Structure formats: C-alpha cells, structure tokens
Amino acid sequence: MPLLPSLSGLILPGVLKLLVSTLRLTVINPRQEIFDQTGKRIFAFWHGKMIYGWLLAQHLFPDKTIHAVVSLSKDGEILSRTLEKLGFTLIRGSSSKGSNEVKKAMLTELANNGIIAITPDGPRGPRQAFKYGTLRLASAERVPIIFAAIRYSKGFQLKSWDRFEIPFPFSRIYVTIHNIEVPEFRNQEELKTFEHQLSKSLADD
C-alpha cells in the first residue's frame, strides 16, 4: 500500500474538517425545498473548489449518504481515502477511465433516490466546463443538477489546470445555489450548445 495515500487518508480528513470549521458560510438562493425533497439528484461544483465543495454537500444534505464520483488517478486515490474517512461512499472512475462502470454505478444509486456528488469539469478539464456524460445522464434520467457556485472571500490559488483554490482560515464562503433542469436533447449539437451556455453562465470569469 503506497505510503502517501495511506498517510493522506489519515491526516487530510482532520485537517480539512478543522479548516472548514473556521469558515463562515453565506448561502445565496438556498430554496430550502430543493434540499428537503427525497428524489434523486446530482450535486455539482467545480474541481477547483473541492476544498469546500465536498463538505458543503454533507452540510446541505445532512441526512443523506453522498456518493462521490472520484477518478482512478493517483490524486483520486488520495481524495478517495479522505472522502471515505469523511463518510462518503465512492464511485471510482471518470470520463476517460471506467466511464461505463461509473455510469452504471450512478444509475444504481440514482434509482435508489441517491445523491451523486461530482466535479463536472474533472479530473483533467477543461476548466469549468461540464462534461457531456454528466449532462446526457441528467437529461436521459430526468435528474436535476444542483450546482453550487463557490466563492472564497480570502484565499490563494494554485497554478494548476483548475486554478485550485484554498480558502484562508476564518474567511467567508459565498455559495450560490443553481437548480438546473436539464432538457432532452434531440442531437449532439443541442447538447453542445446547452453545455456551452451552461458552463459560461456558471464560470467564475
């Protein structure tokens, strides 16, 4: 068993929970009825905002088991161990690896009215652009996407493809909730147009 993922699985959950406990949350457009519903849903946030996004899912759905979609990469292995310690169940894979298995697992959990948490631009980008697979599944299964646009009042940004952001302790987190009803697509062109417009409307810049 690799040492780094093992140590990360032990250390990161505590560090993450400690950091998040210091942050002050402001939710914009909360629409409580969205979170009170019992039906199947996809909860999404950008890859660069995952420091807060995962625990936000648990905060908004405290009585639900969250099924997290995590890639099969080395970084995904570290993340998966962290999320397991935090009480998530895992669906391992991505659009490039294990996509069929991911889809089957997502469909199984959604059939049981589960909540899927996903970074729709992960694991390798393009930054802040929805992957077609997420939108196709939401459209075909008539599953609403609850998207959390997350902004940190203070923090720093890494020089990674997703411009990964880490909030400073005791900073404020602003979360805007978007309830997205994905339409049916008659062809690939309609899907591409919807993806482009949706991603543009939810992008930070």
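In this text the structure is predicted, and so the values were computed from the model without any measurement.

Calculation rules
- Residues numbered from 1 in each chain as written.
- Predicted model: local features only at pLDDT ≥ 70, side-chain atom pairs only at ≥ 80, totals over all residues.
- Heavy atoms only, no water.
- Helix = DSSP H or I, 4+ residues; strand = E, 2+ residues; numbered from the N terminus.
- Buried < 20%, exposed > 50% of the residue type's maximum accessible area, 1.4 Å probe, protein only.
- Contact = heavy atoms within 4.5 Å.
- Phe/Tyr/Trp six-rings, centres within 6.5 Å; stacked < 30°, edge-to-face > 60°.
- Pairing = 2+ DSSP bridges.
- Salt bridge = Lys/Arg side-chain N within 4 Å of Asp/Glu carboxyl O.
- Polar contact = N/O pair within 3.5 Å; in protein donor to acceptor, adjacent residues only side chain to side chain.
- Patch = residues over 30% accessible without salt bridge, like charges linked within 9 Å, V, L, I, M, F, W, Y side chains within 5 Å.
- Areas by Shrake-Rupley, 256 points an atom, 1.4 Å probe, with all protein chains shown as cover.
- Axes fitted to C-alpha atoms, helices over the stretch in contact; angles between N-to-C directions.

What follows covers the overall build of the protein. What the protein contains, in helices and strands, is seven helices and nine strands. Evaluated residue by residue, the protein yields a buried proportion of 46% over its 205 residues.

We now examine helix H6 (residues 132-141). For H6, every residue scored as buried is listed here: Thr-134, Leu-135, Leu-137, Ala-138 and Ser-139. Its buried side turned inward, H6 meets strand S2 (41-44), helix H5 (99-111), strand S5 (115-118), strand S6 (145-152) and helix H7 (188-202). Directly beyond the C-terminal end of H6, a positive phi value near 55 degrees is found at Arg-142.

We now examine the packing of aromatic side chains. For any pair of aromatic rings, geometry is given as the distance between the ring centres together with the angle between the planes. Inspection of every chain in the model, using the stated rule, returns nine aromatic pairs. Arranged with centres 5.5 Å apart and planes meeting at 70 degrees, the rings of Trp-46 and Phe-130 form a pair that is edge-to-face. Of the two residues, Trp-46 is situated in the loop between S2 and helix H3 (50-60) and Phe-130 in the loop between S5 and H6; the sequence distance between them amounts to 84 residues. An aromatic cluster of at least three residues, connected via ring pairs, comprises Phe-43, Phe-45, Trp-54, Phe-61 and Phe-88.

Side chains Arg-41 and Phe-43 project from S2 onto one buried face, and the interleaved Ile-42 and Ala-44 project onto a second face that is buried too. Pairing analysis gives four bridges linking S2 to S5, with the strands arranged parallel. Each bridged residue has a counterpart across the sheet, and for Ile-42 the counterpart in S5 is Ile-116.

Enumeration according to the criterion identifies six salt bridges in this entry. Across the pair Arg-81 and Glu-77 runs a salt bridge, and its minimum N-O distance is 3.2 Å. Pair noted here: Arg-81 and Glu-77 are both in helix H4 (residues 74-85), with a separation of four residues, about one helical turn. On the basis of relative accessibility, which here comes to 26%, the residue Glu-77 falls in the partly exposed class. Here Glu-77 and Arg-92 are joined by a salt bridge, their closest N and O atoms 3.2 Å apart. With Glu-77 in helix H4 and Arg-92 in strand S4 (residues 89-92), this pair connects stretches of sequence that are 15 residues apart. According to the relative accessible area criterion, Arg-92 is partly exposed, its value standing at 25%. Three or more residues joined by partner-sharing salt bridges are found here, namely Lys-49, Arg-127, Glu-165 and Asp-204.

Moving on to the side chain of Ser-71. Its location among the elements puts Ser-71 in the loop between strand S3 (66-70) and H4. For Ser-71, the side chain forms a polar contact with the side chain of Ser-73, separated by 2.8 Å. Once residues lying within four places of it in the same chain are set aside, the contact partners of Ser-71 are Gly-76, Glu-77, Arg-92, Gly-93, Ser-94 and Pro-123.

This paragraph deals with a nonpolar patch on the surface. Together, Phe-156, Leu-158 and Phe-168 make up a nonpolar patch on the protein surface, roughly 260 Å² of accessible area in all. By the secondary structure assignment, Phe-168 is in the loop between strand S8 (165-167) and strand S9 (172-180). Judged by its relative accessible area of 37%, Phe-168 falls in the partly exposed class.

The strand order across the open sheet formed by seven strands is S1-S9-S6-S2-S5-S3-S4, and the pairing between neighbours is mixed. At either end of the open sheet lies a strand with only one pairing partner, and these are strand S1 (24-28) and S4. Neighbour-to-neighbour, the strand axes of the sheet open up by a mean angle of 25 degrees, direction not taken into account. Contacting S2, S3, S4 and S5, H5 runs over the sheet at an angle of about 145 degrees to S4. Against the sheet, H6 contacts S2, S5 and S6, and its axis sits at roughly 140 degrees relative to S6.

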